[in-house]
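Given next are the chains, with one letter for each unit.
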Amino acid sequence: MSSQDVPVQNVSADFLEAVRRADWNLALSAIKPQDDPSDVRCPSSSPVAWLIELNAPPNVVVQCLGQCAKAEAVEADSLGLLELCIALSNANSNALATFKALLCAGLSPNVITDGGDTLLQHAVNLNRVPEVEELLRYGVDAHQMNMFGVESTSNRDGARAAGNPAGALALAKFNERVDT
């Protein structure tokens, strides 16, 4: 990826200082509309991703998302926030709670990750049982195709091939849906 391809997000020095101090309310109040000029330009996916990476409380992440993103970007999770939460779930104490809060706030469980997998495939491949449970609870599409044309890991062969507890959970849910 060239430096021209790296997204640049405008954030204010006040936002950065509030985040440094973990003053989440001040950080939220310091977010400027995207068309406002600001003091600092930083390569980043978004201030929302920063907050997730910095272990901000889930409600702060959701509030920031509401301030920074348009509704269609939120639903489609064009910022890759759910994938980021899965990636951080072992290292970040708020990652699972943030994952749940983002789904509750309207992010679709049926997104394609940067690697081209469905979010369910990604969670199963990383053996993230709690995230698979949440995706299933929020109605992930068992037949969603990834960018390579392969059905989501919730299909019988894919989940069985994963050979881990997350795959077994997806497989059990898939079989339960088929049997009813």
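Residues numbered from 1 in each chain as written. Predicted model: local features only at pLDDT ≥ 70, side-chain atom pairs only at ≥ 80, totals over all residues. Heavy atoms only, no water.

### Regarding the overall build of the protein
Under the convention used in this document: Only DSSP runs of H or I covering at least 4 residues are called helices, and only runs of E covering at least 2 are called strands; the numbering of each starts at the N terminus. Exposure classes here rest on a 1.4 Å probe applied to the protein chains alone. A residue is buried below 20% of its type maximum, exposed above 50%, and partly exposed in between. The contact criterion used throughout is that any non-hydrogen atoms of two residues lie within 4.5 Å.
Within the protein one finds 11 helices and two strands. Starting at the N terminus and walking to the C terminus, you meet the elements of the protein as β-α-α-β-α-α-α-α-α-α-α-α-α. Looking at the protein residue by residue over its 180 residues, the buried ones come to 44%. At a minimum sequence separation of 6, the contacts of the protein that also span at least 24 residues come to 69%.

### Some remarks on the environment of A101
With respect to the helices and strands, A101 occurs in helix α7 (residues 95-104). With sequence-adjacent residues up to four places away left out, A101 is seen in contact with P58 and V62.

### Quick notes on the nonpolar core
Definition in use: We call a set of buried residues a nonpolar core when its members are Ala, Val, Leu, Ile, Met, Phe, Trp, Tyr or Cys and they connect through side-chain atoms within 4.5 Å of each other.
Judged by nonpolar contacts, the single largest core of 42 residues is most densely connected at L51 and L102. Sort the elements by how many residues they give to this core and helix α6 (residues 81-88) lands first, with six residues. With residues up to four places along the chain from it excluded, the contact list for L102 reads I52, V61, V62, L65, L81, L82, C85 and L107.

### Notes on unusual backbone geometry
At N55, a position not held by glycine, the phi torsion is positive, near 65 degrees. Inspection of the secondary structure puts N55 in the loop between α3 (47-53) and α4 (58-68). The partly exposed category is assigned to N55, whose relative accessible area is 27%. Notably, N127 is not glycine yet its phi reads approximately 55 degrees, a positive angle. Under the relative-accessibility criterion, N127 is labelled partly exposed at 32%.

### Things to note about the packing of aromatic side chains
Filter applied, for reference: When the centres of two rings from Phe, Tyr and Trp lie within 6.5 Å, Trp using its six-membered ring, the rings pair. Their planes under 30 degrees apart give stacked, over 60 give edge-to-face, and anything left gives tilted.
Taken as a whole, this structure holds one aromatic pair when the rule is applied. Ring centres 6.0 Å apart and planes at 25 degrees place the aromatic pair F15 and W50 in the stacked group. In this pair, F15 sits in helix α1 (residues 13-20) while W50 sits in helix α3, placing the two residues 35 residues apart along the sequence. For the residue pair F15 and W50, the accessibility class agrees, reading buried in each case.

### Things to note about the packing of α7 against helix α9 (residues 129-137)
In plain terms, the rule: For every element, the axis is a line fit to its C-alpha atoms; helices are fit only across the contacting stretch, and the angle between N-to-C directions ranges from 0 to 180 degrees. Note on terminology: angles under 35 degrees are roughly parallel, angles over 145 are roughly antiparallel, angles of 65 to 115 are roughly perpendicular, and the others are oblique.
Two numbers describe how α7 lies on α9: the axes approach to 10 Å, and their chain directions differ by 10 degrees. On the basis of the axis angle, α7 is roughly parallel to α9. Only P130, E131, E134 and L135 of α9 make contact with α7, whose side of the interface consists of L96, F99, K100 and L103.

### A short note on the side chain of Q144
Stated formally: Counted as a polar contact is a pair of N or O atoms within 3.5 Å, where, for protein atoms, one must be capable of donating a hydrogen and the other of accepting one, and residues adjacent in sequence contribute only when both atoms are in side chains.
Relative to the assigned elements, Q144 resides in the loop between α9 and α10 (156-162). Among the residues examined, Q144 registers a relative accessible area of 10% and is labelled buried. Reaching out from Q144, the side chain makes a polar contact with the backbone oxygen of N110 at a distance of 3.2 Å.

### Structural notes on the side chain of S108
The residue S108 is located in the loop between α7 and α8 (119-125) in this model. Look at S108 and you get buried, because its relative accessible area is 15%. Here the side chain of S108 touches N110 through a polar contact of 3.0 Å, landing on its backbone nitrogen.

### A word on α4
Quick reminder of the rule: Summarising the geometry, the arc corresponds to the directions from the helix axis toward the C-beta atoms.
Taken residue by residue, α4 has P58, V60, V61, C64, L65 and C68 as its buried positions. Taken end-on, α4 shows its buried residues confined to a sector of 160 degrees, consistent with a single buried face.

### Quick notes on the confidence of the model for the protein
Which entries qualify depends on this criterion: Confidence of the prediction at every residue is given by pLDDT, a number between 0 and 100.
Across the protein, the average pLDDT comes to 78, with 75% of residues at or above 70. Per-element confidence in the protein is highest for α7, whose mean pLDDT is 96, and lowest for strand β2 (residues 40-43), whose mean pLDDT is 40. In this model residues 1-8 is a low-confidence stretch, pLDDT under 50, and it forms eight contacts with partners more than four residues away in sequence or in other chains. In this model residues 35-44 is a low-confidence stretch, pLDDT under 50, and it forms 31 contacts with partners more than four residues away in sequence or in other chains.

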